[in-house]
Amino acid sequence: MSNWLKLGEILQQNAVLPAQIIEEALQRQQLDKQRLGQILLNHFGLSVNLLTSALAKQFGLTYLTSLPPASGTSELLGRLPLEYVREHCIFPLELTETSLLLAMNDPTHSTPVNDLAALTGCRIEICLAPEEEILRAINHAYAEKAGDSANFAPDLAGEENDLAATLGPTDL
């Protein structure tokens with residue numbers, strides 16, 4: 001790729017960080033063996049939003065500062081454990097017959113992309129968003145799902161459906 005820019009170059013071009021800070025972070029990277037973005041976050045005060053935005057530019061992806069409401073993904077969310085989407089920091093935004101738009105915070109993290117392609121049979125399109133925004137969307141969607149379950153559960157607990165009351169010792 002001839003137009004591939006390094007993360008440090010993008011941050012310098014956008015006047016986010018001076019060259020001196022990038023150089024210091026690169027030197028630290030040699031010692032710490034961490035990703036440059038993580039070093040800039042931890043030691044040089046780079047914000048998550050600026051890092052994610054720079055990564056989106058580097059990978060040619062759309063960057064969303066806030067996530068729109070999910071469209072057609074409720075069934076898919078029902079098949080994805082909460083722990084999985086939190087661990088991988090992903091959120092499905094839109095599902096069609098042929099594609100899935102997936103918000104994530106790390107464009108190099110291929111495991112969830114591959115998993116969702118296998119699960120859905122769809123082409124996965126990626127957009128980037130800050131981790132905090134993805135976690136907010138995850139919490140909202142799964143809380144909403146739990147609310148749906150809570151609304152369903154009282155129907156099962158009615159007296160006419162009280163299975164425990166109708167079972168005798170020989171049924172156990």
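Here the structure is shown first, and the text comes after it.
On a predicted model such as this, the values are computed, not experimentally measured, just so you know.

The next point concerns the side chain of Q58. Considering the arrangement of structural elements, one finds Q58 in helix 4 (residues 48-59). Its relative accessible area of 15% is what places Q58 among the buried residues. From its side chain, Q58 meets the backbone oxygen of L5 in a polar contact 3.1 Å long. The contacts of Q58, once residues within four sequence positions are left out, are W4, L5, K6, L7 and I10.

This part takes up the sheet that holds strand 4 (residues 123-128). Strands in a sheet are paired, the pairing made by backbone hydrogen bonds, and the direction either parallel or antiparallel. Here 4 strands make up an open sheet; going across it, the order is 1-4-3-2 and the pairing mixed. Edge positions in the open sheet fall to strand 1 (62-63) and strand 2 (90-95), since each of these has one partner strand only.

Note on placement: T73 falls in the loop between strand 1 and helix 5 (74-79). Ignoring sequence-local partners within four residues, the contact set of T73 consists of P92, L93, E94 and L95.

The rules behind each value
Residues numbered from 1 in each chain as written. Predicted model: local features only at pLDDT ≥ 70, side-chain atom pairs only at ≥ 80, totals over all residues. Heavy atoms only, no water. Helix = DSSP H or I, 4+ residues; strand = E, 2+ residues; numbered from the N terminus. Buried < 20%, exposed > 50% of the residue type's maximum accessible area, 1.4 Å probe, protein only. Polar contact = N/O pair within 3.5 Å; in protein donor to acceptor, adjacent residues only side chain to side chain. Contact = heavy atoms within 4.5 Å. Pairing = 2+ DSSP bridges.

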